[in-house]
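# Summary of structural features
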Amino acid sequence: MKKFKAVVFDMDGVIFDSERCIMETWIVLAEKYGIKGIEDVFLACTGTNAAKTRQICLDAYGEDFPYEKYESESMKMYHEKYDGGRLPIKPGVFELLDYLKSIGVKIALASSTRRESVIRELTEGGVIKYFDEIVAGDMVSKSKPDPQIYLKACEAIGVAPEDCYAIEDSYNGIRSAAAGKLRPIMIPDLRPADDEMKMLSEAVLDTLNDVVTYLSE
């Protein structure tokens with residue numbers, strides 16, 4: 001078995017299939033308002049917090065882009081469709097969390113999403129009980145790819161970064177975990193692992209079930 005003391009999870013795109021769900025709302029609104037190139041802009045935003053996402057959109061479409069209106073309408077569509085436990089959970093989530101509990105390692109979350117949303121989605125998804133500590137995007141001043149959120153999560157559980165695996169799907173998340181000296185495992189979601197991701201990650205695996213096999217080897 002691999003030697004490690006903790007695993008720190010991203011949430012969107014790792015625990016929940018939420019990035020795909022959010023992207024769908026962006027595409028619907030882009031068609032409604034005639035916004036071009038929205039998929040590339042969305043992919044650039046994956047793994048980042050609200051402030052960074054806003055800035056990426058303004059950089060792409062200009063300072064007069066009505067981001068607040070667009071984001072509010074997108075979130076309204078998202079919550080109407082997926083709140084109440086309807087958010088799809090990624091394959092292998094419970095298997096991996098149960099495995100980590102069975103071997104007695106710490107489990108933390110480092111999500112760029114706001115804490116209120118994180119708590120609600122984890123609760124509705126039936127997984128919040130597994131986490132020893134939760135660090136959300138509005139609890140740090142710097143967004144991924146900066147390592148601040150991962151370092152804060154490691155500090156919260158009292159484990160050195162080099163003794164922690166980080167489970168991520170996004171480029172910015174892998175960059176964040178690697179910069180913090182954690183041991184990144186990438187489970188690609190909306191974007192495949194490119195050469196940079198393969199270099200920064202200790203492993204690139206297909207599903208969370210594969211993580212159980214990898215860690216137990």
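Preceding this paragraph is the structure being described.
Residues numbered from 1 in each chain as written. Predicted model: local features only at pLDDT ≥ 70, side-chain atom pairs only at ≥ 80, totals over all residues. Heavy atoms only, no water.

For the protein chain, the count of helices and strands is 10 helices and 6 strands. The C-alpha radius of gyration computed for the protein chain amounts to 17 Å, which stays within 12% of the reference 17 Å derived for 217 residues, consistent with globular compactness. Looking at the protein chain residue by residue over its 217 residues, the buried ones come to 53%. Residue pairs in contact within the protein chain that sit at least 24 positions apart in sequence constitute 64% of those at least 6 positions apart. (Helix = DSSP H or I, 4+ residues; strand = E, 2+ residues; numbered from the N terminus. Rg over C-alpha atoms; globule rule 2.2 N^0.38 Å. Buried < 20%, exposed > 50% of the residue type's maximum accessible area, 1.4 Å probe, protein only. Contact = heavy atoms within 4.5 Å.)

Attention now goes to helix α5 (residues 93-102). Think of an α-helix as 3.6 residues a turn; residues three or four steps apart then line up on the same face. Restricting attention to buried positions, one finds in α5 the residues Val93, Leu96, Leu97, Tyr99 and Leu100. Burial along α5 is one-sided: seen end-on, the buried residues are contained in an arc of 160°. For α5, the elements touching its buried residues are β1 (6-9), β2 (106-111) and α10 (208-216). With its phi angle positive at about 80°, Gly104 sits one or two positions after the end of α5. (Arc of directions from axis to C-beta.)

This brings us to the packing of helix α1 (residues 18-33) against helix α4 (residues 67-82). Two numbers describe how α1 lies on α4: the axes approach to 9 Å, and their chain directions differ by 130°. Relative to α4, the element α1 lies oblique. Along this stretch, α1 crosses α4, giving a crossing that reads as right-handed. Contacts between α1 and α4 involve Ser18, Cys21, Ile22, Glu24, Thr25, Trp26, Val28, Leu29, Ala30, Lys32 and Tyr33 from the former and Lys69, Tyr70, Glu73, Ser74, Met75, Met77, Tyr78, Lys81 and Tyr82 from the latter. (Axes fitted to C-alpha atoms, helices over the stretch in contact; angles between N-to-C directions. Parallel < 35°, antiparallel > 145°, perpendicular 65-115°, else oblique. Left-handed = near helix turned anticlockwise from the far one by under 90°.)

Here the structure, examined in full by the defined rule, presents 9 aromatic pairs. Note on Trp26 and Tyr70: the rings are 5.7 Å apart at their centroids and 85° apart in plane angle, and the pair reads as edge-to-face. Taken as a pair, Trp26 in helix α1 and Tyr70 in helix α4 lie far apart in primary sequence, 44 residues in all. Given the relative accessible area of 6%, Trp26 is considered buried. Residue classification places Tyr70 among the buried positions, given a relative accessible area of 4%. Over the aromatic face of Tyr214 sits the side chain of Lys2, whose NZ or CZ is 4.0 Å from the ring centroid. One residue, Arg191, lies across the ring of Tyr171, its end atom 4.0 Å from the ring centre. (Phe/Tyr/Trp six-rings, centres within 6.5 Å; stacked < 30°, edge-to-face > 60°. Lys NZ or Arg CZ within 6 Å of the ring centre and 35° of its normal.)

A few words on the environment of Asp17. When you line up the elements, Asp17 lands in the loop between β1 and α1. What makes Asp17 buried here is its relative accessible area of 17%. Filtering out sequence-adjacent residues up to four positions away, Asp17 remains in contact with Pro88, Lys90 and Asp189. Separated by 3.3 Å, the side chains of Asp17 and Arg20 make a polar contact. (Polar contact = N/O pair within 3.5 Å; in protein donor to acceptor, adjacent residues only side chain to side chain.)

The subject of this paragraph is unusual backbone geometry. For the bond from Lys144 to Pro145, the omega torsion is 20°, close enough to zero to count as cis. Structurally, the position occupied by Pro145 is in the loop between β3 (133-136) and α7 (148-157).

This part takes up the nonpolar core. Ranked by size, the top nonpolar core spans 56 residues in total, and within it Phe9, Ile15, Leu100, Leu122, Phe131 and Leu215 carry the most contacts. Top contributing element to this core by residue count: α1, with 6 residues. Beyond its immediate sequence surroundings of up to four residues, Ile15 is in contact with Phe9, Asp10, Pro88, Ile89, Lys90, Val93, Leu109, Leu122, Val127 and Phe131. Counting residues in each nonpolar core, the second largest holds 16 residues, with Ala6, Val135, Tyr150 and Ala166 among its members. (Core = buried A, V, L, I, M, F, W, Y, C linked by side-chain atoms within 4.5 Å.)

For strand β4 (residues 164-168), a buried count of 5 out of 5 residues is recorded, marking the element as mostly surrounded by other parts of the structure. Side chains of β4 alternate between two faces, with Cys164, Ala166 and Glu168 and Tyr165 and Ile167 buried alike. Bridging between β1 and β4 involves 4 bridges; their strand directions are parallel. Considered in β4, the bridge of Val7 is made with Tyr165. Sheet topology places β4 next to strand β5 (residues 183-186); 4 bridges connect them, and they run parallel. Along β5, the bridge assignment pairs Glu168 with Met186. (Pairing = 2+ DSSP bridges.)

Remember that the coordinates give geometry; whether it matters functionally is a separate question.
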